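# Fold and contact review
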Amino acid sequence: MDALAAAPANPRNSALAKDVFDSAERAIAAPGAAAAITTYGSVDASSIPGVVASFGGPLGQPGAIPPQFAGREVTTVGRLPQTGPAGDAGERILRVPDNSWSPDLNALWMQDAANRGDVIKLATGVSNDASSLAGSPARGGVSVFTRELAVLQAAGYTRVGDYLVPPR
Amino acid sequence: MSADTVLKSAQAALLDDAAQLAYYGAPLPSPKDGEITRLVEAYRAEPPPERLKIASALTESQVNWLATYAHRMAMVSVRQQSPDMLRNGLAAVLMAAKVTDGRDATMTLSVLYRAAGLLGPGDAAFQAAAVDAPDADAERLVLGFLTRADAAKTIESMGYREETGTRGIVIVYGRQAAPAAW
(Lines give C-alpha, C1' and ligand atoms only; values in the text may rest on other atoms or scores of the structure.)
Protein backbone atom coordinates (compact mmCIF):
# COMPACT_ATOMS: atom_id res chain seq x y z
CA MET A 1 0.00 0.00 0.00
CA ASP A 2 0.94 3.60 -0.14
CA ALA A 3 0.93 3.94 3.60
CA LEU A 4 -1.01 6.63 5.35
CA ALA A 5 2.35 7.88 6.45
CA ALA A 6 4.79 5.33 5.12
CA ALA A 7 7.93 7.28 5.80
CA PRO A 8 9.36 7.60 9.27
CA ALA A 9 8.52 10.81 11.06
CA ASN A 10 9.62 13.87 9.11
CA PRO A 11 8.56 17.51 9.28
CA ARG A 12 6.23 17.26 6.28
CA ASN A 13 4.40 14.21 7.65
CA SER A 14 4.20 15.76 11.10
CA ALA A 15 2.71 18.96 9.70
CA LEU A 16 0.14 17.06 7.64
CA ALA A 17 -0.85 14.91 10.60
CA LYS A 18 -1.25 17.95 12.85
CA ASP A 19 -3.40 19.56 10.18
CA VAL A 20 -5.66 16.50 10.07
CA PHE A 21 -6.08 16.34 13.83
CA ASP A 22 -6.70 20.10 14.04
CA SER A 23 -9.32 19.75 11.30
CA ALA A 24 -11.10 17.02 13.21
CA GLU A 25 -11.16 19.14 16.36
CA ARG A 26 -12.69 22.04 14.46
CA ALA A 27 -15.27 19.78 12.87
CA ILE A 28 -16.33 18.30 16.20
CA ALA A 29 -16.98 21.79 17.53
CA ALA A 30 -19.01 22.80 14.48
CA PRO A 31 -22.49 21.81 13.30
CA GLY A 32 -22.65 18.86 10.96
CA ALA A 33 -20.12 16.58 12.65
CA ALA A 34 -22.55 13.83 13.56
CA ALA A 35 -24.24 14.00 10.18
CA ALA A 36 -20.90 13.72 8.39
CA ILE A 37 -19.94 10.65 10.41
CA THR A 38 -23.32 9.10 9.67
CA THR A 39 -23.09 9.88 5.97
CA TYR A 40 -19.55 8.54 5.76
CA GLY A 41 -20.46 5.30 7.49
CA SER A 42 -23.75 4.63 5.75
CA VAL A 43 -22.64 4.94 2.13
CA ASP A 44 -23.06 1.72 0.20
CA ALA A 45 -23.01 0.50 -3.37
CA SER A 46 -26.43 1.99 -4.02
CA SER A 47 -24.87 5.42 -3.51
CA ILE A 48 -22.39 5.05 -6.37
CA PRO A 49 -24.68 6.15 -9.23
CA GLY A 50 -25.49 9.35 -7.36
CA VAL A 51 -21.82 10.05 -6.68
CA VAL A 52 -21.00 9.45 -10.33
CA ALA A 53 -23.86 11.74 -11.38
CA SER A 54 -22.47 14.50 -9.17
CA PHE A 55 -18.75 14.08 -9.68
CA GLY A 56 -18.22 11.55 -12.46
CA GLY A 57 -15.52 11.62 -15.08
CA PRO A 58 -11.83 10.94 -15.42
CA LEU A 59 -9.09 13.38 -14.52
CA GLY A 60 -7.92 15.86 -17.09
CA GLN A 61 -11.23 17.60 -17.70
CA PRO A 62 -11.10 21.26 -18.73
CA GLY A 63 -12.03 23.85 -16.15
CA ALA A 64 -10.18 25.91 -13.57
CA ILE A 65 -11.14 27.03 -10.10
CA PRO A 66 -13.95 29.59 -10.59
CA PRO A 67 -12.86 33.15 -9.75
CA GLN A 68 -15.22 33.45 -6.78
CA PHE A 69 -13.30 30.67 -5.09
CA ALA A 70 -9.83 32.06 -5.72
CA GLY A 71 -7.83 32.13 -2.54
CA ARG A 72 -9.74 29.29 -0.91
CA GLU A 73 -7.78 26.50 0.68
CA VAL A 74 -7.34 23.62 -1.77
CA THR A 75 -7.62 20.14 -0.29
CA THR A 76 -6.70 17.11 -2.38
CA VAL A 77 -8.72 13.90 -2.06
CA GLY A 78 -8.55 10.52 -3.74
CA ARG A 79 -7.26 7.05 -3.18
CA LEU A 80 -4.08 7.01 -1.10
CA PRO A 81 -1.84 5.70 -3.89
CA GLN A 82 -2.71 8.89 -5.77
CA THR A 83 -2.87 11.42 -2.92
CA GLY A 84 0.49 10.28 -1.52
CA PRO A 85 2.57 11.81 -4.33
CA ALA A 86 0.40 14.95 -4.25
CA GLY A 87 1.10 15.31 -0.55
CA ASP A 88 4.80 14.86 -1.11
CA ALA A 89 4.58 17.63 -3.70
CA GLY A 90 3.13 20.01 -1.13
CA GLU A 91 -0.61 19.61 -1.52
CA ARG A 92 -2.95 19.40 1.47
CA ILE A 93 -3.97 15.77 1.92
CA LEU A 94 -5.09 13.40 4.66
CA ARG A 95 -1.92 11.83 5.99
CA VAL A 96 -1.63 10.53 9.53
CA PRO A 97 0.39 7.71 11.06
CA ASP A 98 -1.05 4.32 10.11
CA ASN A 99 -2.15 3.61 13.64
CA SER A 100 -4.08 6.88 13.95
CA TRP A 101 -6.45 6.70 11.00
CA SER A 102 -10.08 5.92 11.72
CA PRO A 103 -13.32 6.29 9.79
CA ASP A 104 -14.51 8.99 12.18
CA LEU A 105 -11.28 10.96 11.82
CA ASN A 106 -11.57 10.73 8.05
CA ALA A 107 -15.19 11.88 8.08
CA LEU A 108 -14.43 14.84 10.35
CA TRP A 109 -11.46 15.90 8.22
CA MET A 110 -13.67 15.92 5.16
CA GLN A 111 -16.48 17.75 6.93
CA ASP A 112 -14.06 20.42 8.13
CA ALA A 113 -12.98 21.03 4.54
CA ALA A 114 -16.66 21.45 3.62
CA ASN A 115 -17.31 23.71 6.60
CA ARG A 116 -14.47 25.99 5.52
CA GLY A 117 -15.59 25.97 1.91
CA ASP A 118 -12.36 24.47 0.66
CA VAL A 119 -11.95 23.80 -3.02
CA ILE A 120 -11.35 20.08 -3.48
CA LYS A 121 -8.82 18.85 -5.99
CA LEU A 122 -9.35 15.31 -7.24
CA ALA A 123 -6.26 13.11 -7.28
CA THR A 124 -8.29 10.12 -8.47
CA GLY A 125 -10.78 10.09 -11.31
CA VAL A 126 -14.40 9.30 -10.56
CA SER A 127 -14.78 6.53 -13.10
CA ASN A 128 -18.12 6.25 -14.79
CA ASP A 129 -17.74 2.49 -14.56
CA ALA A 130 -17.40 2.92 -10.79
CA SER A 131 -14.05 1.12 -10.66
CA SER A 132 -12.51 3.77 -8.42
CA LEU A 133 -15.60 3.88 -6.23
CA ALA A 134 -16.60 0.25 -5.75
CA GLY A 135 -15.29 -1.70 -2.81
CA SER A 136 -15.60 -5.12 -1.29
CA PRO A 137 -19.16 -6.01 -0.30
CA ALA A 138 -17.63 -6.88 3.06
CA ARG A 139 -16.78 -3.19 3.47
CA GLY A 140 -20.18 -1.91 2.37
CA GLY A 141 -19.47 -2.15 -1.34
CA VAL A 142 -17.62 1.16 -1.60
CA SER A 143 -14.11 2.50 -1.11
CA VAL A 144 -13.08 5.05 1.49
CA PHE A 145 -12.69 7.51 -1.39
CA THR A 146 -16.40 7.09 -2.15
CA ARG A 147 -17.24 7.83 1.46
CA GLU A 148 -15.27 11.07 1.26
CA LEU A 149 -17.08 12.05 -1.91
CA ALA A 150 -20.44 11.31 -0.28
CA VAL A 151 -19.68 13.80 2.51
CA LEU A 152 -18.85 16.43 -0.12
CA GLN A 153 -21.97 15.57 -2.10
CA ALA A 154 -24.09 16.07 1.02
CA ALA A 155 -22.42 19.45 1.51
CA GLY A 156 -23.54 20.54 -1.96
CA TYR A 157 -20.26 20.40 -3.85
CA THR A 158 -20.24 20.32 -7.65
CA ARG A 159 -17.53 19.39 -10.11
CA VAL A 160 -15.65 21.93 -12.23
CA GLY A 161 -12.80 20.43 -14.23
CA ASP A 162 -10.72 18.39 -11.81
CA TYR A 163 -12.05 20.33 -8.84
CA LEU A 164 -15.08 20.08 -6.60
CA VAL A 165 -16.34 23.48 -5.53
CA PRO A 166 -18.61 24.40 -2.63
CA PRO A 167 -22.09 25.83 -3.06
CA ARG A 168 -20.88 29.27 -1.91
CA MET B 1 4.50 -21.88 -10.47
CA SER B 2 5.51 -18.46 -11.82
CA ALA B 3 4.05 -15.04 -11.13
CA ASP B 4 2.44 -15.09 -14.56
CA THR B 5 0.74 -18.39 -13.78
CA VAL B 6 -0.54 -17.05 -10.47
CA LEU B 7 -1.91 -13.97 -12.24
CA LYS B 8 -3.69 -16.17 -14.76
CA SER B 9 -5.22 -18.05 -11.86
CA ALA B 10 -6.28 -14.73 -10.37
CA GLN B 11 -8.01 -13.77 -13.61
CA ALA B 12 -9.85 -17.07 -13.60
CA ALA B 13 -10.85 -17.00 -9.95
CA LEU B 14 -11.60 -13.33 -9.30
CA LEU B 15 -14.47 -12.47 -11.61
CA ASP B 16 -16.77 -9.50 -12.07
CA ASP B 17 -18.44 -7.41 -9.38
CA ALA B 18 -21.82 -9.14 -9.71
CA ALA B 19 -20.20 -12.50 -9.10
CA GLN B 20 -18.38 -11.04 -6.12
CA LEU B 21 -21.63 -10.05 -4.48
CA ALA B 22 -22.89 -13.62 -4.82
CA TYR B 23 -19.59 -14.90 -3.42
CA TYR B 24 -19.83 -12.54 -0.44
CA GLY B 25 -23.19 -14.02 0.51
CA ALA B 26 -22.33 -17.67 -0.15
CA PRO B 27 -22.25 -20.26 2.64
CA LEU B 28 -19.17 -20.26 4.87
CA PRO B 29 -17.07 -21.87 3.50
CA SER B 30 -17.93 -22.25 -0.17
CA PRO B 31 -16.23 -23.92 -3.16
CA LYS B 32 -15.10 -20.45 -4.27
CA ASP B 33 -13.26 -20.06 -0.98
CA GLY B 34 -11.33 -23.18 -1.85
CA GLU B 35 -10.45 -21.84 -5.29
CA ILE B 36 -9.20 -18.54 -3.86
CA THR B 37 -7.34 -20.36 -1.09
CA ARG B 38 -5.37 -22.21 -3.76
CA LEU B 39 -4.61 -18.88 -5.43
CA VAL B 40 -3.46 -17.29 -2.17
CA GLU B 41 -1.34 -20.30 -1.26
CA ALA B 42 0.28 -20.16 -4.69
CA TYR B 43 1.07 -16.48 -4.08
CA ARG B 44 2.56 -17.33 -0.68
CA ALA B 45 4.78 -19.97 -2.21
CA GLU B 46 6.46 -17.46 -4.51
CA PRO B 47 9.69 -15.67 -3.54
CA PRO B 48 9.36 -11.96 -2.62
CA PRO B 49 10.20 -10.52 -6.07
CA GLU B 50 7.51 -12.67 -7.68
CA ARG B 51 5.04 -11.80 -4.92
CA LEU B 52 5.65 -8.12 -5.62
CA LYS B 53 5.11 -8.68 -9.34
CA ILE B 54 1.80 -10.41 -8.62
CA ALA B 55 0.63 -7.86 -6.07
CA SER B 56 1.46 -4.95 -8.36
CA ALA B 57 -0.41 -6.39 -11.34
CA LEU B 58 -3.78 -6.98 -9.70
CA THR B 59 -6.77 -4.82 -10.65
CA GLU B 60 -8.94 -2.86 -8.24
CA SER B 61 -11.74 -5.36 -8.78
CA GLN B 62 -9.42 -8.28 -8.01
CA VAL B 63 -8.18 -6.75 -4.77
CA ASN B 64 -11.78 -6.20 -3.70
CA TRP B 65 -12.33 -9.92 -4.24
CA LEU B 66 -9.34 -10.64 -2.02
CA ALA B 67 -10.79 -8.37 0.67
CA THR B 68 -14.06 -10.25 0.51
CA TYR B 69 -12.15 -13.52 0.80
CA ALA B 70 -10.18 -12.19 3.78
CA HIS B 71 -13.38 -11.15 5.53
CA ARG B 72 -14.89 -14.58 4.94
CA MET B 73 -11.72 -16.33 6.16
CA ALA B 74 -11.88 -14.38 9.41
CA MET B 75 -15.25 -15.95 10.12
CA VAL B 76 -14.36 -19.38 8.73
CA SER B 77 -11.17 -19.52 10.79
CA VAL B 78 -13.12 -18.94 14.01
CA ARG B 79 -15.89 -21.37 13.10
CA GLN B 80 -13.42 -24.10 12.15
CA GLN B 81 -10.77 -23.12 14.73
CA SER B 82 -8.32 -22.95 11.86
CA PRO B 83 -5.19 -20.79 12.14
CA ASP B 84 -4.40 -21.74 8.54
CA MET B 85 -7.56 -20.03 7.27
CA LEU B 86 -6.70 -16.93 9.29
CA ARG B 87 -3.21 -16.98 7.82
CA ASN B 88 -4.63 -17.14 4.31
CA GLY B 89 -6.97 -14.27 5.05
CA LEU B 90 -4.04 -12.16 6.17
CA ALA B 91 -2.05 -13.24 3.11
CA ALA B 92 -4.92 -12.06 0.91
CA VAL B 93 -4.73 -8.61 2.50
CA LEU B 94 -0.99 -8.57 1.87
CA MET B 95 -1.44 -9.78 -1.70
CA ALA B 96 -3.86 -6.90 -2.28
CA ALA B 97 -1.81 -4.29 -0.45
CA LYS B 98 -0.01 -2.72 -3.41
CA VAL B 99 -3.28 -1.72 -5.09
CA THR B 100 -5.63 -1.30 -2.13
CA ASP B 101 -6.04 2.04 -0.40
CA GLY B 102 -4.47 1.42 3.01
CA ARG B 103 -7.54 2.81 4.75
CA ASP B 104 -9.73 0.16 3.16
CA ALA B 105 -7.22 -2.53 4.10
CA THR B 106 -7.14 -1.32 7.70
CA MET B 107 -10.88 -1.95 7.97
CA THR B 108 -10.41 -5.56 6.91
CA LEU B 109 -7.47 -6.00 9.27
CA SER B 110 -9.74 -5.16 12.19
CA VAL B 111 -11.94 -8.12 11.26
CA LEU B 112 -8.94 -10.43 11.00
CA TYR B 113 -7.61 -9.12 14.29
CA ARG B 114 -10.88 -9.98 15.96
CA ALA B 115 -10.58 -13.50 14.58
CA ALA B 116 -6.98 -13.73 15.76
CA GLY B 117 -8.10 -12.80 19.24
CA LEU B 118 -10.88 -15.36 19.29
CA LEU B 119 -8.61 -18.08 17.95
CA GLY B 120 -5.95 -17.33 20.53
CA PRO B 121 -2.74 -16.27 18.81
CA GLY B 122 -3.66 -12.56 18.74
CA ASP B 123 -0.72 -10.39 17.72
CA ALA B 124 1.40 -13.43 16.92
CA ALA B 125 -0.85 -14.31 13.99
CA PHE B 126 -0.17 -10.94 12.39
CA GLN B 127 3.55 -11.16 13.11
CA ALA B 128 3.77 -14.60 11.54
CA ALA B 129 1.76 -13.60 8.48
CA ALA B 130 3.93 -10.57 7.74
CA VAL B 131 6.47 -12.81 6.00
CA ASP B 132 3.95 -13.16 3.16
CA ALA B 133 4.18 -9.45 2.35
CA PRO B 134 5.21 -8.46 -1.16
CA ASP B 135 7.39 -5.64 0.16
CA ALA B 136 8.25 -3.59 3.23
CA ASP B 137 5.30 -1.20 2.85
CA ALA B 138 2.84 -4.06 2.92
CA GLU B 139 4.61 -5.65 5.86
CA ARG B 140 4.32 -2.32 7.68
CA LEU B 141 0.59 -2.26 6.97
CA VAL B 142 0.03 -5.48 8.92
CA LEU B 143 2.58 -4.94 11.67
CA GLY B 144 1.56 -1.30 12.02
CA PHE B 145 -1.96 -2.40 12.85
CA LEU B 146 -0.60 -3.96 16.03
CA THR B 147 0.64 -0.57 17.24
CA ARG B 148 -2.86 0.90 17.30
CA ALA B 149 -4.54 1.62 20.63
CA ASP B 150 -6.71 -1.29 21.74
CA ALA B 151 -9.93 0.63 21.07
CA ALA B 152 -8.71 1.48 17.57
CA LYS B 153 -8.22 -2.20 16.69
CA THR B 154 -11.83 -3.17 17.26
CA ILE B 155 -14.25 -4.01 14.50
CA GLU B 156 -16.70 -1.54 16.03
CA SER B 157 -14.25 1.32 15.55
CA MET B 158 -14.21 0.48 11.84
CA GLY B 159 -17.98 0.30 11.50
CA TYR B 160 -18.58 -3.46 11.84
CA ARG B 161 -20.74 -5.41 14.22
CA GLU B 162 -20.48 -9.00 15.40
CA GLU B 163 -23.34 -11.43 15.83
CA THR B 164 -23.65 -15.08 16.67
CA GLY B 165 -25.67 -16.83 13.99
CA THR B 166 -26.98 -20.36 14.03
CA ARG B 167 -23.79 -21.51 12.27
CA GLY B 168 -21.34 -19.42 14.25
CA ILE B 169 -19.71 -16.01 14.23
CA VAL B 170 -20.97 -13.39 11.79
CA ILE B 171 -19.30 -10.00 11.19
CA VAL B 172 -21.03 -7.46 8.97
CA TYR B 173 -20.43 -3.86 8.05
CA GLY B 174 -22.74 -1.07 9.14
CA ARG B 175 -26.43 -1.73 8.92
CA GLN B 176 -26.09 -4.47 6.34
CA ALA B 177 -28.09 -7.58 7.08
CA ALA B 178 -26.03 -10.73 7.38
CA PRO B 179 -26.43 -12.93 4.29
CA ALA B 180 -28.95 -15.67 4.96
CA ALA B 181 -26.50 -18.41 3.95
CA TRP B 182 -24.06 -17.43 6.69
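Parameters at a glance
- Residues numbered from 1 in each chain as written.
- Chains lettered and ligands numbered in written order.
- Predicted model: local features only at pLDDT ≥ 70, side-chain atom pairs only at ≥ 80, totals over all residues.
- Heavy atoms only, no water.
- Helix = DSSP H or I, 4+ residues; strand = E, 2+ residues; numbered from the N terminus.
- Rg over C-alpha atoms; globule rule 2.2 N^0.38 Å.
- Contact = heavy atoms within 4.5 Å.
- Salt bridge = Lys/Arg side-chain N within 4 Å of Asp/Glu carboxyl O.
- Polar contact = N/O pair within 3.5 Å; in protein donor to acceptor, adjacent residues only side chain to side chain.
- pLDDT = per-residue confidence, 0-100.

With that settled, consider the overall build of chain B. The helix and strand inventory of chain B stands at nine helices and two strands. Along chain B, helices (α) and strands (β) appear in the sequence α-α-α-α-α-α-α-α-α-β-β when read from the amino end. Taking 16 Å as the expected radius of gyration for a compact globule of 182 residues, we find that chain B reaches 15 Å, a close match to that expectation. The principal-axis extents of the C-alpha atoms in chain B amount to approximately 40 × 35 × 25 Å.

Quick look at the interface of chain B and chain A now. Taken residue by residue, the interface counts 33 residues in chain B and 30 residues in chain A. One can count two salt bridges joining chain B with chain A. The salt bridge involving Glu148(A) is made with Arg103(B); its shortest N-O contact spans 2.8 Å. For the pair chain B and chain A, the interface holds 17 residue pairs in polar contact (both at pLDDT 80 or more). Those elements giving two or more residues to the side of chain B that touches chain A turn out to be α2 (17–24), α5 (60–80), α7 (102–119) and α9 (136–145) of chain B.

Moving on to the confidence of the model for chain B. In this model, chain B carries a mean pLDDT of 96, and residues with pLDDT of at least 70 account for 100%. Our summary of model confidence lists the complex with pTM equal to 0.95 and ipTM equal to 0.94.

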